[in-house]
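The lines below spell out each chain.
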Amino acid sequence: MQIVTGRSDHLPSGVFMGLARYRHRVFVEKLGWQLKCQDGLEFDQFDRPDTLYVVAQDQDDQVVGGARLLPTTRPYLLGEIFPQLLNGQHVPNSPDIWELSRFAAVDFSEAASSAANPAKLPLGQFSSPVAVELLQATLERAAESGARRVITVSPLGVERLLRKAGFSADRAGSPVLVDGNPIIACWINVPGYSPS
């Protein structure tokens, strides 16, 4: 597996479009999210020129994981779409807090598909070796950009899985039902940082 990072215009040729197809496959086709998409590509208003991407590829350069990092000093998913997850707390707006969104680590290759049921993606994706390596790379990239912590919108069980994988993670608020599913805002500390 190889990891490539950068803004969309700095990624190797074809990687951003490959990531957009991959995100459509994961979030729309498998998880059933109701997102506005065109031509089998998933991207939204938060995929801007200043957005950072972390993309995992297999030996054939196929996308097997991806993550999006956004500065909280500009509009971002949690702040604009899901502020209710903070239970009335102020939406983070700081150069040392970045948002992690559209995280997925699902290998759609034939071997992976026959070994696991991809219909059960929401929690299982966070326990794979690809997911752990991708999240480590994402936190490193966030740190390089000045982040001390990242905040993310996640299914309820992800907090436990993050801790089990050795990441420092805590809820930012109580779970909220969104489309019938309990989700939370979750803090993840960048390695080497511990909040006071």
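Asks: Would you mind showing me how to read the confidence of the model for the chain here?
Replies: The predicted structure's coordinates, where accompanied by low pLDDT, should not be read in detail. When the pLDDT values of the chain are averaged, the result is 85; 89% of them are 70 or greater. Mean pLDDT in the chain bottoms out at helix α4 (residues 121-124), which sits at 44, and peaks at strand β2 (residues 52-57), which reaches 96. Contacts from residues 118-124, a stretch scored under 50 in pLDDT, to residues over four places away or in other chains number 12 contacts.

Asks: Just to check I follow, could you spell out unusual backbone geometry for this structure?
Replies: A negative phi angle characterises most non-glycine residues, just as the trans form characterises most peptide bonds. Look at aspartate 61: it is not a glycine, yet its phi comes out positive at around 65°. Tracing the backbone shows aspartate 61 in the loop between β2 and β3 (63-71). One non-glycine residue, asparagine 87, lies in the positive phi region at around 50°. Here asparagine 87 shows up in the loop between α2 (77-81) and β4 (97-104).

Asks: Would you mind showing me how to read the layout of surface pockets here?
Replies: One simple way to see leftover space: roll a probe sized like a water molecule over the atoms. Each pocket or cavity is described by its volume, and for the second largest pocket that value is around 300 Å³. Every residue lining the second largest pocket is counted, 15 residues in all, and those nearest its centre are Gly18, Tyr22, Arg25, Gln62 and Val63. For the lining of the second largest pocket, the secondary-structure elements that each account for two or more residues are α1 (15-30) and β3. Sorting elements by how many residues they give to the lining of the second largest pocket places α1 first, with 5 residues. Per-class residue counts for the lining of the second largest pocket are 5 nonpolar, 5 polar and 5 charged.

Rules of the game
Residues numbered from 1 in each chain as written. Predicted model: local features only at pLDDT ≥ 70, side-chain atom pairs only at ≥ 80, totals over all residues. Heavy atoms only, no water. pLDDT = per-residue confidence, 0-100. Helix = DSSP H or I, 4+ residues; strand = E, 2+ residues; numbered from the N terminus. Contact = heavy atoms within 4.5 Å. 1 Å grid on protein atoms, 1.4 Å probe; cavity = no way out; pocket = protein on both sides within 12 Å on 5 of 7 lines; lining within 4 Å. Points joined across faces, edges and corners; volume = space filled by probe spheres on them. Nonpolar A, V, L, I, M, F, W, Y, C, P; charged D, E, K, R; others polar.

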